[in-house]
Amino acid sequence: MAQSNGSGLSREARSGLALVSPTFIYAILLLAAPLATVLIFSVLTGGRGQVAWDFTWANYVEVWTGPVYRAIMLRSLTVALGVTLVTVLIAYPIAYFVSFHVEASKKSLWLFLITIPFWTSYLIRVFLWKVILGYNGVINSGLLSVGLIDEPLQWINYNVGALIVTLAHAYAPFAILPIFVSLEKIDRSLLEAGQDLGESKLRTFWRVTLPLSMPGVIAAVLIVFIPTIGDYVTPDLIGGGKLPMIANMMEVQMLKVNNKPLGSAIAVSAMFIVALVAVGFVLLNRRFLGPKK
């Protein structure tokens, strides 16, 4: 039996606490403390670079009732949902192809090729899309050279569609990998059994493969949606500053206007929206993620 000291903790318990303590302290200092600071600042009074320690809900009232903030939040949510939808629709066929139609010995090579975009800076990839979609970019130049248009198209850049295309390309590998892992875990004998019972390949996919791969799809949705709604660089570069998202508004309030309480309220509101949508995705698919009976 393990010996205990006067404090009532056994030697094993003290050893466990010694192992856990560094991680716990790390989490407190780098996760909990900054979040608590933002929460506290969001209910303080601020303006003109000053912060008064007076409790108020005025920051949240302004964020949730101000037409500008509501429009930017709606745009951020629309872009994030659009990027998530496009990314998953692109990622699933790729993951399915690699999992079911690529030889086992070559799957590692395909996954390696999928991660190649990460070799270059995110900024470089965004600038490349700006070159492709720009007024004098690759698409407009190509269409002009073949005579399909008489002047450059302006609707392909500086709009929400351009943001969605750029972000979908950037986050596609994040969606492919979890879906691929989920597809790899599917017992192939289940698919063979479905076809032996007279199901077509399409119905087998719809009734067996897709439901069993939904945990990977939900993981991909969350992995893409959460960082996308807070993206800062792409709206500035691709949107030309004309299509700010929630992170750009935080930057304005925190650094330019120097209204930290209002910026903190925007950040907390964004976190609330992300959490609400994430929980919604999980609840809608709880029959795939929940314990099997």
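What you see as residue numbers is a count from 1 along each chain, following the sequence as written. Given that this is a predicted model, residues contribute local features only at a pLDDT of at least 70 and side-chain atom pairs are listed and counted only at 80 or more, while totals for whole chains, interfaces and linings are drawn from all residues. Hydrogens are left out, water is left out, and the side-chain values use all remaining heavy atoms of the structure.

(A) Main features of empty space enclosed by the protein. For each structure, a 1 Å grid was placed over the protein atoms alone; sets of points admitting a 1.4 Å probe that cannot get out are labelled cavities, open sets with protein on both sides within 12 Å along at least five of seven lines are labelled pockets, and lining residues have an atom within 4 Å of a point. Grid points are joined across faces, edges and corners, and a volume is the space filled by probe spheres set on the points. On inspection of all chains with the given rule, the structure shows one cavity of 30 Å³ or more. Reported here for the largest cavity is a volume of approximately 30 Å³. Around the largest cavity, the lining residues are Met-73, Ser-76, Ile-229, Ile-246, Ala-270 and Ile-273. Elements represented by at least two residues in the lining of the largest cavity include exactly helix H3 (67-101) and helix H12 (260-284). In this classification, Asp, Glu, Lys and Arg are treated as charged, Ala, Val, Leu, Ile, Met, Phe, Trp, Tyr, Cys and Pro as nonpolar, and every other residue, Gly included, as polar. Grouping the amino acids of the lining of the largest cavity by side-chain chemistry returns five nonpolar, one polar and no charged. Going along the chain from the N terminus, every DSSP run of H or I of four or more residues is numbered as a helix, and every run of E of two or more is numbered as a strand.

(B) Geometry of helix H11 (residues 246-256). Note on classification: 1.4 Å probe, protein chains only; a residue is buried when its accessible area is under 20% of the maximum for its type, exposed when over 50%, partly exposed between these limits. Residues of H11 that are buried: Ile-246, Ala-247, Asn-248, Met-249, Glu-251 and Gln-253. Buried residues belonging to H11 abut H3, helix H9 (201-229), helix H10 (233-237) and H12. Downstream of H11 by a residue or two, Asn-258 has a phi angle that is positive, lying close to 60°. In this description, contact between two residues means that some pair of their heavy atoms is separated by no more than 4.5 Å.

(C) Local environment of the pattern of salt bridges. Put simply, a salt bridge is a Lys or Arg side-chain nitrogen that is within 4 Å of an Asp or Glu carboxyl oxygen. In total, this model carries two salt bridges according to the counting rule given. The shortest N-O distance in the salt bridge between Glu-184 and Lys-107 comes to 2.9 Å. Of the two residues, Glu-184 is situated in helix H7 (residues 160-184) and Lys-107 in helix H4 (residues 107-114); the sequence distance between them amounts to 77 residues. The exposure class assigned to Glu-184 is partly exposed, which follows from its relative accessible area of 32%. Among the charged side chains, a salt-bridge network with shared partners connects Lys-107, Glu-184 and Arg-188.

(D) Structural detail: the side chain of Ser-182. Within the secondary structure layout, Ser-182 lies in helix H7. A distance of 3.3 Å separates a polar side-chain atom of Ser-182 from the backbone oxygen of Ser-213. Whenever two N or O atoms come within 3.5 Å, that pair is a polar contact, provided that in protein one can donate a hydrogen and the other can accept it, and provided that, for residues adjacent in sequence, both atoms are side-chain atoms.

(E) Layout of the environment of Val-86. On the secondary structure map, Val-86 appears in helix H3. Since its relative accessible area comes to 29%, Val-86 is described here as partly exposed. Each C-alpha atom of the pair Val-86 and His-169 lies 9.2 Å from the other, and the pair is 83 residues apart in sequence. Excluding residues within four positions of it along the chain, Val-86 makes contact with Ile-164 and Ala-168.

(F) Representation of the environment of Leu-255 within the structure. Within the secondary structure layout, Leu-255 lies in helix H11. In this structure Leu-255 comes out as exposed when scored by relative accessible area, which is 64%. Remark: the alpha-carbon pair of Leu-255 and Thr-45, spanning 210 residues in sequence, is separated by 17 Å.

(G) Broad picture of the packing of H3 against H9. Contact geometry for H3 and H9: axes closest at 9 Å, N-to-C directions at 135°. Our classification of the angle between H3 and H9 gives oblique. The handedness of the crossing between H3 and H9 comes out as right-handed. Contacts from Ser-76, Leu-77, Val-79, Ala-80, Leu-81, Val-83, Thr-84, Thr-87, Val-88, Tyr-92, Tyr-96 and Phe-100 in H3 reach Phe-205, Thr-209, Leu-210, Ser-213, Val-217, Val-221, Val-224, Phe-225, Thr-228 and Ile-229 in H9. Residues that form the contact of H3 with H9 fall into these classes: 16 nonpolar, six polar and no charged. Axes, fitted as lines to C-alpha atoms, cover a helix only where it is in contact. Angles between the N-to-C directions of the axes lie from 0 to 180 degrees. Each angle is binned into one of four classes, with values under 35 degrees roughly parallel, values over 145 roughly antiparallel, values of 65 to 115 roughly perpendicular, and all other values oblique. Crossing handedness: left-handed means the near helix sits turned counterclockwise from the far one by under a right angle, and right-handed means the same turn made clockwise.

(H) Quick look at the packing of aromatic side chains. Each Phe, Tyr or Trp ring (for Trp, its six-membered ring) is paired with any other whose centre lies within 6.5 Å, and the angle between the two planes then decides the class: stacked below 30 degrees, edge-to-face above 60, tilted in between. What the rule picks out here adds up to nine aromatic pairs. The interplanar angle of 85° and the centroid separation of 5.2 Å between the aromatic rings of Phe-55 and Trp-57 together place this pair among those described as edge-to-face. Each member of the pair, Phe-55 together with Trp-57, is exposed. Here Trp-64 and Phe-272 contribute two aromatic rings whose centre-to-centre distance is 6.3 Å and whose plane-to-plane angle is 80°, an arrangement assigned as edge-to-face. Of this pair, Trp-64 sits in helix H2 (residues 58-65) while Phe-272 sits in helix H12; the two residues are 208 residues apart in sequence, bridging distant segments of the chain. What links up through ring pairs into an aromatic cluster is the set Tyr-92, Tyr-96, Phe-100 and Phe-205. Throughout this description, the term charge over a ring refers to an Arg CZ or Lys NZ atom that lies within 6 Å of the ring centre and within 35 degrees of the ring normal. It is Arg-188 that lies over the ring of Phe-100; its NZ or CZ is 4.0 Å from the centre.

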